[in-house]
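# Topology and contacts: notes
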Amino acid sequence: MHDGFWSGSGGRASRRRGGGAPACLATYSPSYTVQQQGCGTVSGLTFHLSCTSTSGYDRAERRYVDYSSGQRRFQGSFRITSMGGSRISLKQTFHDDVGPFFLLAVENGGRLYSVEGGATVASGATVGTTVAVQTIHTVGSKLQVYINGSLKFTESAPDGGNYYDKVGAYRTSSGSGPITVVWSNLAFAYQ
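From a predicted model like this one, the values you see are computed outputs, not experimental measurements.

### Remarks on the pairing of strand β4 (residues 40-43)
A one-sided burial pattern is seen for β4, the buried positions being Gly40 and Val42 and the unburied ones Thr41 and Ser43. In terms of strand pairing, β4 meets strand β5 (residues 46-49) through four bridges, oriented antiparallel. The partner of valine 42 across the bridge, within β5, is phenylalanine 47. Between β4 and β5, which follow one another and run antiparallel, lie two residues, and glycine 44 among them has a positive phi close to 65 degrees.

Here it is, written out as structure tokens:
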């Protein structure tokens, strides 16, 4: 794993070794709401879109509580158990009053990409493969995305307003279902 990963136990997590990672992070368990719309259903950490619709909104997600400052870290792993569609968002960092900031989506075939701009983030997110995701968002500075422990994407992050994280399955405007994805090992930290 890269230097910025933290231990998920204990309330405080310390730096593993150099690399500019913060000396101390506080772990926390943010509250969330479950969002089910269209053909989306949620059962624990299993998110399912059952339809092939290309209109309206289809979502099965957890939406976590807002934050507005500091550095926020998210980590978790997902495994797609079935996918007949394409272009489904799996992880979001949303700028509440502005709109989508970063959406990590998957295409049929396993390409992970940033919905805003279309840049490829990684490949290999095929059915049955477990993929580890970590985002490090420093409000007013940058957002970094690590896939399986390697930095794959960096984007500047505006200051001001509220942000929040989402995980699950959301059909993008150019996407279609069906898909079933299971998230695991979710952890959050801040500095």
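### Looking at the state of the cysteines
In total, this model carries one disulfide according to the counting rule given. Between the sulfur of cysteine 39 and that of cysteine 51 lies a disulfide, 2.1 Å long from S to S. On the S-S bond that ties cysteine 39 to cysteine 51, the torsion sits near -65 degrees, and the link is left-handed. On the criterion of sequence distance, the pair formed by cysteine 39 in the loop between β3 (32-37) and β4 and cysteine 51 in the loop between β5 and β6 (59-64) is long-range, its members being twelve residues apart. For the pair shown, cysteine 39 and cysteine 51 are each scored as buried.

### Description of the confidence of the model for the protein chain
In this model, the protein chain carries an average pLDDT of 89, and 88% of its residues clear a pLDDT of 70 or more. Under a pLDDT of 50 for its full length, residues 1-21 has, in the predicted model, 46 contacts with residues more than four places off or in other chains.

### Some thoughts on the side chain of aspartate 58
Looking at the element boundaries, aspartate 58 is found in the loop between β5 and β6. Residue classification places aspartate 58 among the buried positions, given a relative accessible area of 4%. A distance of 3.2 Å separates the side chain of aspartate 58 from the backbone nitrogen of cysteine 39, its partner in a polar contact. Within the structure, aspartate 58 has its side chain in polar contact with the side chain of arginine 171 (distance 2.9 Å). Excluding residues within four positions of it along the chain, aspartate 58 makes contact with Gln37, Gly38, Cys39, Leu49, Cys51, Ser53, Ala169, Tyr170 and Arg171.

### Some words on the pairing of strand β16 (residues 179-190)
Pairing between strand β2 (residues 24-28) and β16: three bridges, direction antiparallel. Note that in β16 the partner of alanine 26 across the bridge is tyrosine 190. When β5 meets β16, the two strands line up antiparallel, connected through four bridges. If you follow phenylalanine 47 over to β16, its bridge partner there is valine 181.

### Thoughts on the side chain of lysine 166
In this fold, lysine 166 is placed in strand β15 (residues 163-176). Here glutamine 35 takes part through its side chain, which lies 2.7 Å from a polar atom of the side chain of lysine 166. The residues contacting lysine 166, other than those within four sequence positions of it, are Gln35, Arg59, Glu61, Arg62, Arg63, Leu90, Lys91 and Gln92.

### Some words on the pattern of salt bridges
Enumeration over the complete set of coordinates arrives at seven salt bridges. Between arginine 111 and glutamate 107 there is a salt bridge, with its nearest N and O atoms 2.9 Å apart. Exposure remark for arginine 111: the relative accessible area of 23% places this residue in the partly exposed category. Salt bridges sharing partners connect three or more residues here, namely Arg59, Glu61 and Lys166.

### What about the sheet that holds strand β10 (residues 112-114)?
The strand order across the open sheet built from seven strands is β3-β6-β15-β8-β9-β10-β11, with neighbouring strands paired in antiparallel fashion. Only two strands of the sheet have a single neighbouring strand rather than two, namely β3 and β11 (120-122). Between one strand axis and the next, the sheet turns through 25 degrees on average, direction left out of account. Inspection of the sheet shows strand β8 (residues 86-95) paired to β15 by eight bridges, in the antiparallel sense. Looking at β15, one finds that isoleucine 88 is bridged to arginine 171.

Definitions and cut-offs
Residues numbered from 1 in each chain as written. Predicted model: local features only at pLDDT ≥ 70, side-chain atom pairs only at ≥ 80, totals over all residues. Heavy atoms only, no water. Buried < 20%, exposed > 50% of the residue type's maximum accessible area, 1.4 Å probe, protein only. Helix = DSSP H or I, 4+ residues; strand = E, 2+ residues; numbered from the N terminus. Pairing = 2+ DSSP bridges. Disulfide = S-S within 2.5 Å. pLDDT = per-residue confidence, 0-100. Contact = heavy atoms within 4.5 Å. Polar contact = N/O pair within 3.5 Å; in protein donor to acceptor, adjacent residues only side chain to side chain. Salt bridge = Lys/Arg side-chain N within 4 Å of Asp/Glu carboxyl O. Axes fitted to C-alpha atoms, helices over the stretch in contact; angles between N-to-C directions.

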